[in-house]
Amino acid sequence: MTAKIIDGKAIAESIREEVKQNVTERLEQGLPVPGLATVIIGDNPASRVYVRMKHKACQEAGIRSVGHELPATATQDEVESLVKQLNDDPGIHGILVQLPLPAGLDEERVLNTISIQKDVDGFHPINIGRLAQKGREPLFVPATPAGVMVLLEKNGTSLDGAKAVVLGRSNIVGMPVSLLLLRENATVTICHSHTQDIPATLREADVVVAAIGKPGYVRGDWIKPGATVIDVGTNRVEDPAAKRGYRLVGDVNFDEVVKVAGAITPSPGGVGPMTIAMLLRNTLRAARLADARDIG
Ligand code: GUN
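Read on for a plain summary of the structure. All values derive from a computational prediction rather than experimental measurement. (Residues numbered from 1 in each chain as written. Predicted model: local features only at pLDDT ≥ 70, side-chain atom pairs only at ≥ 80, totals over all residues. Heavy atoms only, no water.)

1. Some details on the overall build of the chain
The helix and strand tally for the chain stands at 10 helices and 11 strands. Computed over its C-alpha atoms, the radius of gyration of the chain comes to 19 Å, within 12% of the 19 Å expected for a compact globule of 296 residues. With respect to the three principal axes, the spread of C-alpha positions in the chain is 55 × 40 × 35 Å. A total of 296 residues make up the chain; the buried ones form 50% of that total. Summing over all exposed atoms, the chain offers an accessible surface of approximately 14400 Å²; the carbon and sulfur share of this is 51%. Treating the 33 positive side-chain charges of the chain as one cloud and the 35 negative ones as another, the clouds have centres 2 Å apart. (Helix = DSSP H or I, 4+ residues; strand = E, 2+ residues; numbered from the N terminus. Rg over C-alpha atoms; globule rule 2.2 N^0.38 Å. Buried < 20%, exposed > 50% of the residue type's maximum accessible area, 1.4 Å probe, protein only. Areas by Shrake-Rupley, 256 points an atom, 1.4 Å probe, with all protein chains shown as cover. Lys, Arg positive; Asp, Glu negative; His and termini not counted. Charge placed at Lys NZ, Arg CZ, Asp CG, Glu CD.)

As structure tokens, this is what we get:
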């Protein structure tokens, strides 16, 4: 048996189309065009690629996006005053500060400065805190974890009572996706660099979310037959035959795992496109929250 391939690209495309439709309807109703501001500090090449892709996606969806770039030498005060200026700008509904920040900047203080109403990344401590607590609702859910949840839902993977294993405990993916799985009543185990027997833990899992940034790490014989496997990894591996000298692979050994799992996302073409689609959805949501405040 080979696994069903979960086509993140197609699912993301339909969400992007839906956002575009909603933006068009807003404009017809005389509501403001949603506005996203991105802030990139320093010259991390991968961050630049990601931010460029986010701007392109905004443009295609009819969302206005404004890019701000600061040098790696920018001070904490300079970064925070830019964020405050964007907080006060009524034409900007969402603010995204691309991570990681250059060494020397205090990420927590920067994220704390973003208005929670404009926190389309969902990384503000209040939004993450609400995500972690029963009976509380964050204003925004981080894009990549939200995208993982949509892929699971579209695949029809049942989460209530399921054993879910998350590989990785990053603030951006591992931790928030674990909280989202818990909110859906999965029994969640988080594996990390100190976990003793990751293969044995994974063999129990009905759902696996891999987000550790190690190319091809998850092997076929670690997977319970029929499990759903979501690969968040996008790793560059050297490949002299490739035009750029590298190719992208996930955290999962796809060729092995596809033979055992019930469903699997490819990487690239799985979670990656969902991140951008969910950011667009969050930006539209931010604009709607602003409409509601304006109406009073
Ligand atoms: N760096 C890697 N992923 C993300 C993301 O989703 N948002 C931001 N702001 N930075 C990131």
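2. Let's talk about the sheet that holds strand β11 (residues 263–264)
One open sheet accounts for 6 strands, arranged β1-β11-β8-β7-β5-β6; its pairing is parallel. Of all the strands in the sheet, just β1 (4–5) and β6 (187–191) have a single pairing partner and so form its edges. Here strand β5 (residues 163–167) pairs with β6 via 5 bridges, running parallel. Note that in β6 the partner of A164 across the bridge is V188. (Pairing = 2+ DSSP bridges.)

3. Quick notes on the site of the ligand
Near the ligand the following residues occur: K54, L96, V97, Q98, L99, D121, F123 and I172. A distance of 2.8 Å separates a nitrogen atom of the ligand from a polar atom in the backbone of V97. Between a nitrogen atom of the ligand and a main-chain N or O atom of L99, the distance comes to 2.9 Å. Look at the ligand: alone it shows 280 Å² of surface, and the protein chains cover 86% of it. (Near = heavy atom within 4 Å. Polar contact = N/O pair within 3.5 Å; in protein donor to acceptor, adjacent residues only side chain to side chain.)

4. A closer look at the pattern of salt bridges
On inspection of all chains with the given rule, the structure shows 11 salt bridges. Its salt-bridge partner being D206, residue K224 comes within 2.8 Å of it at the nearest N-O pair. You can see K224 sitting in the loop between β7 (207–210) and β8 (228–231) and its partner D206 sitting in the loop between α8 (198–202) and β7, a full 18 residues away along the chain. The exposure class assigned to D206 is partly exposed, which follows from its relative accessible area of 27%. One salt-bridge network, in which partners are shared between bridges, spans R16, K56 and E60. (Salt bridge = Lys/Arg side-chain N within 4 Å of Asp/Glu carboxyl O.)

5. What about unusual backbone geometry?
Residue L99 is joined to P100 through a cis peptide bond whose omega torsion reads 5°. Here S267 and P268 are connected by a cis peptide whose omega angle stands at 0°. Unusually for a residue other than glycine, N185 sits at a positive phi of about 70°. On the secondary structure map, N185 appears in the loop between α7 (174–183) and β6. The exposure class of N185 is partly exposed, given its relative accessible area of 46%.

6. Structural notes on the side chain of S178
Along the chain, the position of S178 falls in helix α7. Classification of S178 as buried rests on a relative accessible area of 4%. Among the polar contacts made by the side chain of S178, one reaches the main-chain carbonyl oxygen of G174 at a distance of 2.6 Å. Setting aside chain neighbours within four positions, we find S178 in contact with V166, V188 and I190. (Contact = heavy atoms within 4.5 Å.)

Coordinates in, geometry out; function isn't part of it.
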